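Listed here are the chains, written in short residue letters.
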Amino acid sequence: QQPVQSPQAVILREGEDAVINCSSSKALYSVHWYRQKHGEAPVFLMILLKGGEQKGHDKISASFNEKKQQSSLYLTASQLSYSGTYFCGTEISGSSNTGKLIFGQGTTLQVKP
Amino acid sequence: EADIYQTPRYLVIGTGKKITLECSQTMGHDKMYWYQQDPGMELHLIHYSYGVNSTEKGDLSSESTVSRIRTEHFPLTLESARPSHTSQYLCASSAAPGASGRRSSYNEQFFGPGTRLTVL
């Protein structure tokens, strides 16, 4: 039931692009993306709802393929501040608006100068 | 500014002690959650609440208990701490769109700073 994220880790140079994927075996109502820096709490980045709404955040955007139950997070022209661990959180369809999320195992992103 | 608070931030205690981890939010959110997270690992939901007097266990079995007597307060209690309880505990809250609360999107979760618990 836990979504699977790939890759597990990414190392980039500043200015490079990256894609992080999140895949679920369950029908999803929404996908949330969070970033967590070392020793800090996760911070919300964006949410994608069933029905195709896509929301961006600066140079970070995401997509949600409902047929495949997959979401991808796109980081464009990465900055040092993008370093951290990225988690997708999935809300299962039919969970009656509980807000309950099941988080993936995380993708560690390191941006080097 | 922080709208969700957790105390203590760090706690080191001996086996068998009873502890309560505090979580409070000032956003008027109806939903609140407790997660357990080991270093570098994913977040596991251990408890959640839809509102006052409504609590349910999460997907990860936990020996802890919670209560929700007031909207803003969601404490977690361990009756007898053991070394296996050593972990970071994160509290979060959310509200559906249209409900009161800061920057409500759609069940966007706001996390507290966490309590790092070490049981010796």
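Please refer to the structure higher up on the page.
Right, let's walk through the structure included here. The structure presented is a predicted model; accordingly, all values stated were derived computationally and were not measured.

Details of the overall build of chain B
Secondary structure assignment for chain B yields 0 helices and 11 strands. Reading the secondary structure of chain B in the N-to-C direction produces β-β-β-β-β-β-β-β-β-β-β. Scored against the burial criterion, the 120 residues of chain B give a buried share of 52%. For chain B, the share of sequence-separated contacts (at least 6 apart) that also reach a separation of at least 24 residues comes to 57%. On chain B, roughly 5,400 Å² of surface is accessible, and the fraction owed to carbon and sulfur atoms is 53%.

Some details on the side chain of B:His85
Residues and elements named next belong to chain B. Mapped onto the fold, His-85 is located in the loop between strand S8 (76-78) and strand S9 (87-94). A distance of 2.7 Å separates polar atoms of two side chains, one belonging to His-85 and the other to Glu-63. Leave out the neighbours within four places in its chain, and His-85 touches Glu-63, Leu-78, Ser-80, Leu-117 and Val-119.

Looking at the interface of chain A and chain B
Each side of the interface is counted separately: chain A has 22 residues, and chain B has 22 residues. The tally of links between chain A and chain B comes to 1 salt bridge. Here A:Lys100 makes a salt bridge to B:Asp59, at a shortest N to O gap of 4.0 Å. Connecting chain A to chain B are 4 residue pairs in polar contact (both at pLDDT 80 or more). Among the elements of the structure, strand S4 (28-36), strand S5 (43-49), strand S8 (84-92) and strand S9 (102-103) of chain A are those that each provide at least two residues to the side of chain A that touches chain B. The dominant element in the side of chain A that touches chain B, judged by the number of residues it contributes, is S4(A), at 4 residues.

The rules we used
- Residues numbered from 1 in each chain as written.
- Chains lettered and ligands numbered in written order.
- Predicted model: local features only at pLDDT ≥ 70, side-chain atom pairs only at ≥ 80, totals over all residues.
- Heavy atoms only, no water.
- Helix = DSSP H or I, 4+ residues; strand = E, 2+ residues; numbered from the N terminus.
- Buried < 20%, exposed > 50% of the residue type's maximum accessible area, 1.4 Å probe, protein only.
- Contact = heavy atoms within 4.5 Å.
- Areas by Shrake-Rupley, 256 points an atom, 1.4 Å probe, with all protein chains shown as cover.
- Polar contact = N/O pair within 3.5 Å; in protein donor to acceptor, adjacent residues only side chain to side chain.
- Salt bridge = Lys/Arg side-chain N within 4 Å of Asp/Glu carboxyl O.

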